[in-house]
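# Fold and contact review
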Amino acid sequence: PGDFRARNHTKMSGVLRAAAPLARRLNAVPKGPVTQATRGMASDPNAPPKVAYPWLDPGNPANWKEEHVVFTILGGWGLVIFGAKQAFS
């Protein structure tokens, strides 16, 4: 029983030694200049501000954030599907 653990430990340490150069390469810090990430999908800086929560301005969906519109549409589809399932079953 003890011999199995020793062999298994030796195999594992060999695997770890073999993987060490790969780990160093993956964790390496780039040596060149770091460029600023561009925000290609950023919103228009001159647009009117969006409301933080849709219930602050429920009558004007144009002022909602995009994710609030998406959640509302997905919720509406969920209600339609659930209603259809209840109606036809």
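The coordinates are above.
Report on the accompanying structure. On a predicted model such as this, the values are computed, not experimentally measured, just so you know.

## Quick notes on the overall build of the chain
Assigned secondary structure in the chain consists of 2 helices and 0 strands. A buried classification covers 4% of the 89 residues belonging to the chain.

## Observations regarding the side chain of His 68
Take His 68: it is sitting in helix 2 (residues 66-88). Once residues within four sequence positions are removed from consideration, His 68 is found in contact with Val 51, Ala 52, Tyr 53 and Pro 54.

## Quick word on a nonpolar patch on the surface
A grouping of Ile 73, Trp 77, Val 80 and Ile 81 is seen on the molecular surface, where their side chains present a nonpolar patch of about 440 Å² in accessible area. Along the chain, the position of Trp 77 falls in helix 2. The class for Trp 77 is exposed, based on a relative accessible area of 54%.

## Let's talk about the packing of aromatic side chains
With the rule as written, the count across this model stands at 1 aromatic pair. Here Tyr 53 and Trp 55 contribute two aromatic rings whose centre-to-centre distance is 5.0 Å and whose plane-to-plane angle is 15 degrees, an arrangement assigned as stacked. Judged by relative accessible area, Tyr 53 falls into the partly exposed class, the value being 43%. The exposure class of Trp 55 is exposed, given its relative accessible area of 63%.

## Things to note about the environment of Asp 57
Within the secondary structure layout, Asp 57 lies in the loop between helix 1 (2-26) and helix 2. We classify Asp 57 as partly exposed; its relative accessible area is 22%. With residues up to four places along the chain from it excluded, the contact list for Asp 57 reads Val 51, Asn 63 and Trp 64.

What counts and how
- Residues numbered from 1 in each chain as written.
- Predicted model: local features only at pLDDT ≥ 70, side-chain atom pairs only at ≥ 80, totals over all residues.
- Heavy atoms only, no water.
- Helix = DSSP H or I, 4+ residues; strand = E, 2+ residues; numbered from the N terminus.
- Buried < 20%, exposed > 50% of the residue type's maximum accessible area, 1.4 Å probe, protein only.
- Contact = heavy atoms within 4.5 Å.
- Patch = residues over 30% accessible without salt bridge, like charges linked within 9 Å, V, L, I, M, F, W, Y side chains within 5 Å.
- Areas by Shrake-Rupley, 256 points an atom, 1.4 Å probe, with all protein chains shown as cover.
- Salt bridge = Lys/Arg side-chain N within 4 Å of Asp/Glu carboxyl O.
- Phe/Tyr/Trp six-rings, centres within 6.5 Å; stacked < 30°, edge-to-face > 60°.

Shape descriptors only; they carry no functional weight alone.
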